[in-house]
Amino acid sequence: MGKVASAEAAGSIIRRVREERGISRAFLAKQTGIGARTIYALEQGESENFGLGNYLKLLDALEMDMSVDLDKPLEPPTALESSIELPELKMADIWSLDGGNEK
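Residues numbered from 1 in each chain as written. Predicted model: local features only at pLDDT ≥ 70, side-chain atom pairs only at ≥ 80, totals over all residues. Heavy atoms only, no water.

1. Thoughts on the overall build of the protein
This is how the line gets drawn: Only DSSP runs of H or I covering at least 4 residues are called helices, and only runs of E covering at least 2 are called strands; the numbering of each starts at the N terminus. Per-residue accessibility, obtained with a 1.4 Å probe over protein chains only, is compared with the maximum for each type, and a residue is labelled buried under 20%, exposed over 50%, and partly exposed between these values. Whether two residues are in contact is decided by their heavy atoms, any of which lying within 4.5 Å being enough. Areas reported here follow the Shrake-Rupley algorithm with a probe of radius 1.4 Å; residue values treat only the protein chains shown as occluding.
Scanning the protein for helices and strands turns up 5 helices and 2 strands. Counting helices and strands in the order they occur from the N terminus, the protein gives α-α-α-α-β-α-β. Across the 103 residues in the protein, those meeting the buried criterion constitute 28%. The contacts of the protein with a sequence gap of at least 6 include a subset with a gap of at least 24, amounting to 68%. Of the roughly 7000 Å² that the protein leaves accessible, carbon and sulfur atoms contribute 50%.

This is the structure:
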């Protein structure tokens, strides 16, 4: 499906796949233990702190996979930066949601 760059985009994908598969929010909530209102908020892009664990529950229930690109090169920090903090790795740069029936 491609690169996911925001929580809003991830929610939109969840909604689209859920609807394409004819799954209601209520059913998905029951399958995952995540409230239907929480799923709605995610789908509308209103839930910034949804949590990776909850995404994984939804992906599993929707028979989707999440892939992580560990081969993507990161720019090494300069000597000054490395002494202050580690470089920030944005999840949107390394993961994507893959819908499908590959399981």
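2. A short note on the confidence of the model for the protein
Stated formally: Scored between 0 and 100, pLDDT is the confidence that the predictor attaches to each residue.
Confidence along the protein averages 78 in pLDDT terms, with 71% of residues attaining 70 or more. Mean pLDDT across the elements of the protein bottoms out in helix H5 (residues 79-84) (50) and peaks in helix H2 (residues 25-32) (96).

3. Section: the packing of H2 against helix H3 (residues 36-43)
Rules: Axis lines are fitted to C-alpha atoms, over the contacting stretch for helices. Their N-to-C directions set the angle, which ranges from 0 to 180 degrees. By the definition adopted for this analysis, an angle is roughly parallel if under 35 degrees, roughly antiparallel if over 145, roughly perpendicular if from 65 to 115, and oblique otherwise. What makes a crossing left-handed is the near helix being turned counterclockwise from the far one by less than a right angle; a clockwise turn instead makes it right-handed. All residues other than Ala, Val, Leu, Ile, Met, Phe, Trp, Tyr, Cys, Pro, Asp, Glu, Lys and Arg, Gly among them, are scored as polar; the first ten of these are nonpolar and the last four charged.
Between H2 and H3, the least distance of the axes is 8 Å, while the angle of their chain directions is 115°. By the angle between their axes, H2 is roughly perpendicular relative to H3. Along this stretch, H2 crosses H3, giving a crossing that reads as right-handed. Contact residues: H2 offers Arg 25, Leu 28, Ala 29 and Thr 32, while H3 offers Ala 36, Ile 39, Tyr 40 and Glu 43. The residue makeup of the contact of H2 with H3, split by class, is 5 nonpolar, 1 polar and 2 charged.

4. Digging into the packing of aromatic side chains
Spelled out, the test is: Only rings of Phe, Tyr and Trp enter the pairing, Trp through its six-membered ring, and a pair is recorded when the two centres are within 6.5 Å. The plane angle decides the type: under 30 degrees is stacked, over 60 is edge-to-face, the rest tilted.
A full pass over the atoms with the stated rule returns 1 aromatic pair. Geometrically, the ring pair formed by Phe 50 and Tyr 55 is edge-to-face, given 5.0 Å between the ring centres and 65° between the ring planes. For Phe 50, a relative accessible area of 4% puts it in the buried group.

5. Details of the environment of Tyr 40
Tracing the chain through its elements places Tyr 40 in helix H3. Linking Tyr 40 and Ala 26, residues 14 residues apart in sequence, is a C-alpha distance of 10.0 Å.

6. Some points on the side chain of Arg 18
Structurally, Arg 18 is set in helix H1 (residues 7-20). Contacts of Arg 18, omitting those with residues within four sequence positions, involve Ile 23, Ser 24, Arg 25, Leu 28, Glu 43 and Leu 62.

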